[in-house]
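# Observations on chain architecture
The primary structure of each chain is shown beneath.
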Amino acid sequence: MTRTTRRRAFLGATAATGAAVAATGLTAPSAQALGRTAADAASEVLPGGPQYGDLVRGVNQRWIGTPDRVVVPHTTEQVVTALRRALDAGERLAVRGGGHCFEDFSTHRDVRRLIDLSAMDDIRYDAERRAIRIGAGATLGEVNEQLFKRWGIALPGGSCPTVGLGGHVTGGGYGPLNRTLGLIVDHLYAVEVVVADEAGRPRAVVAARDSADPRRRDLWWAHTGGGGGNFGIVTRYWFRSRGLTGRTPQETLPTPPREVLVGTVLWQWADLDERSFTRLLKNYAAWHVAHNAPGDAQADLYSHLAAFHRSGGAVALNIQLSTARSAAGGPSPEERLDAFVAAVGAGVGARGTTVARSRLPWLLSTQWSGFADRPSGKRIKGKSAYHKEPFDDAQAEALYRGLTRADYRHPGSGVLIAPYGGQVNSVRSAATALPHRDSALMLMYVSEWTDQAEDDLHVGFLRELYESTYARNGGVPEAGAYINYPDADVRDARRNRSGVPWYELYYGPNYPELQRIKKAWDPRNVFRHRLSVELPSAARATR
């Protein structure tokens, strides 16, 4: 099994502004400037500057921007200033957090001013709001470490530690704790957003789920899964779980498991034929469908089934589960893991081989290679799909046929299948902007490579794999897609032949409400990209 395949198989700010500022939701220049020096001014990097080559690209090396300048702010006030200058100059603007976007949202050739939020990564407890305040430039790895080391709490975010919080939250945000704690947006209390009104005047507002102003409540709701780059520039988030009303950080967010058991099992492709692969695939999906309800006794078990092209050598199953239940007299974690592996492997014929198993304290487990992916230096194409039911015969056959093609040999192409339900599905679909609250599985179709000359080969393979799997529905999944894995192909009538508009795949029945909020807060459509929420007048043009 090659290094590329194993990596993919094992996937997976500011200073306080004061009570008066927090109450109004506006950023006060005097408060944010207090005690700052010239070194704290926003950096402005021009072409030819030493940082420029790194700042104009993200993780996906297919997309490299050419902006006239990159602004790296430290404060919300500096973001307001950067937006004002872009509007005054008539410049197309884009924003970047962690830089993990599959598409060219922040690198489009028309973008002339890029705002990089990576310096806005402050994490602290806001006693007035009784919430954890986190700068939008913080990464998930930083969030995990700071929340746990300082207060013993956690957010149910994604498993890739280099992903930026800014875009992750706005798209919904799922990860290894989602089956017990829900999505990261289910814990979002408030958001600070730099917006532009109809006259082109920028300002910062704080919108909370209990805001007295219904327009601000709408703006908060739009950031609970309405996608990044749609309504304004998020500078800070506040998190407090519903029902937690204490006045200390420890009473603000949930406590993660103290210890987890992790393990990896491999099925060699050489031992799998179509029947055995189909059985493996269906067993995995059926187990998660059967244990999909909120509060299920197996909700703490999270896993990835990584099925990549057979040239990589093996299909990998990565698993983690809490060890806490054994202390309460239940079966041991090892027995539970064995039972899960047995259920997935039942009737397959080929025997899975356990290649790793260990108990890890929770924070260390967030760095485990089974889930903690750190992509770098690759060209990437990605797609996504929700599944409510196990794979049918046609879907399984299409996946097997694609992943065993003899005329295509690349171990970095395939599909990663993860569980999605549990506590996620306890929330009404209209309660957050992300509507997908009845699914059991999340699939990420992905290809990674390094040679630009191979772009058409690998993008073509992934398109064929995806569209053949969902051929019955015109090349796209019936249950919808995940906006944090954006795929501009779904706007193309040649690729999406379902008759279902792209925005319904991502936002379902919530899209008209997102459009209404877009018109209220971004009437000039300043914040836009190829899959951005559109103003109502543009809706039918996208069908």
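A short tour of the structure in this document, coming up. (Residues numbered from 1 in each chain as written. Predicted model: local features only at pLDDT ≥ 70, side-chain atom pairs only at ≥ 80, totals over all residues. Heavy atoms only, no water.)

Before going further, it helps to examine the sheet that holds strand β4 (residues 113–116). Read from one edge to the other, the open sheet built from four strands follows the order β1-β2-β4-β3, with strand pairing classed as mixed. Whereas interior strands pair on both sides, the edge strands pair on one side only; in this sheet they are β1 (43–45) and β3 (93–96). With strand direction ignored, the average angle separating the axes of adjacent strands in the sheet is 20°. Sheet topology places β3 next to β4; four bridges connect them, and they run parallel. Paired with Val-95 across the two strands is Ile-115, which belongs to β4. Across the sheet, helix α5 (residues 76–89) touches β1, β2 (69–72), β3 and β4, and the angle it forms with β4 is around 170°. (Pairing = 2+ DSSP bridges. Helix = DSSP H or I, 4+ residues; strand = E, 2+ residues; numbered from the N terminus. Axes fitted to C-alpha atoms, helices over the stretch in contact; angles between N-to-C directions. Contact = heavy atoms within 4.5 Å.)

Mapped onto the secondary structure, Asp-273 falls in the loop between β10 (259–268) and α10 (274–290). The exposure class assigned to Asp-273 is partly exposed, which follows from its relative accessible area of 41%. Sequence spacing of Asp-273 and His-168 is 105 residues, and the spatial spacing of their C-alpha atoms is 38 Å. There is a polar contact of 3.2 Å between the side chain of Asp-273 and the backbone nitrogen of Arg-275. (Buried < 20%, exposed > 50% of the residue type's maximum accessible area, 1.4 Å probe, protein only. Polar contact = N/O pair within 3.5 Å; in protein donor to acceptor, adjacent residues only side chain to side chain.)

So, about the packing of aromatic side chains. Evaluation of the coordinates by the stated rule reveals 25 aromatic pairs. When the ring of Phe-148 is compared with that of Trp-362, the centres are 5.3 Å apart and the planes differ by 55°; the resulting orientation is tilted. Of the two residues, Phe-148 sits in helix α6 (residues 140–151) while Trp-362 sits in helix α13 (residues 362–365), which places them 214 residues apart along the sequence. Ring centres of Tyr-503 and Tyr-511 lie 4.3 Å apart, and the angle between their planes is 15°; on these two criteria the pair is classed as stacked. An identical accessibility class is assigned to Tyr-503 and Tyr-511; each is buried. What links up through ring pairs into an aromatic cluster is the set Phe-102, Tyr-174, Tyr-386, Tyr-420, Tyr-482 and Tyr-485. Directly above the aromatic system of Trp-521 lies the positively charged group of Arg-215, at a separation of 4.3 Å from the ring centroid. A cation sits over an aromatic face here: Arg-240 above Tyr-189, 4.3 Å from the ring centre. (Phe/Tyr/Trp six-rings, centres within 6.5 Å; stacked < 30°, edge-to-face > 60°. Lys NZ or Arg CZ within 6 Å of the ring centre and 35° of its normal.)

Quick look at helix α17 (residues 511–521) now. Within α17, burial applies to Tyr-511, Leu-514, Gln-515, Ile-517, Lys-518 and Trp-521. Take α17 and look down its axis: the buried residues cluster within an arc of 165°, on one side only. Turned more than 90 degrees off the buried face of α17, the exposed positions are Pro-512 and Lys-519. Looking at the buried side of α17, the elements it contacts are β7 (188–196), β8 (202–208), α9 (214–222) and α16 (502–507). (Arc of directions from axis to C-beta.)

The next subject is the environment of Gly-200. Structurally, the position occupied by Gly-200 is in the loop between β7 and β8. Owing to a relative accessible area of 12%, Gly-200 belongs among the buried residues under this scheme. Separated by 117 residues in sequence, Gly-200 and Leu-83 have C-alpha atoms that sit 9.5 Å apart. Residues within four places of Gly-200 in sequence aside, it is in contact with Leu-87 and Arg-524.

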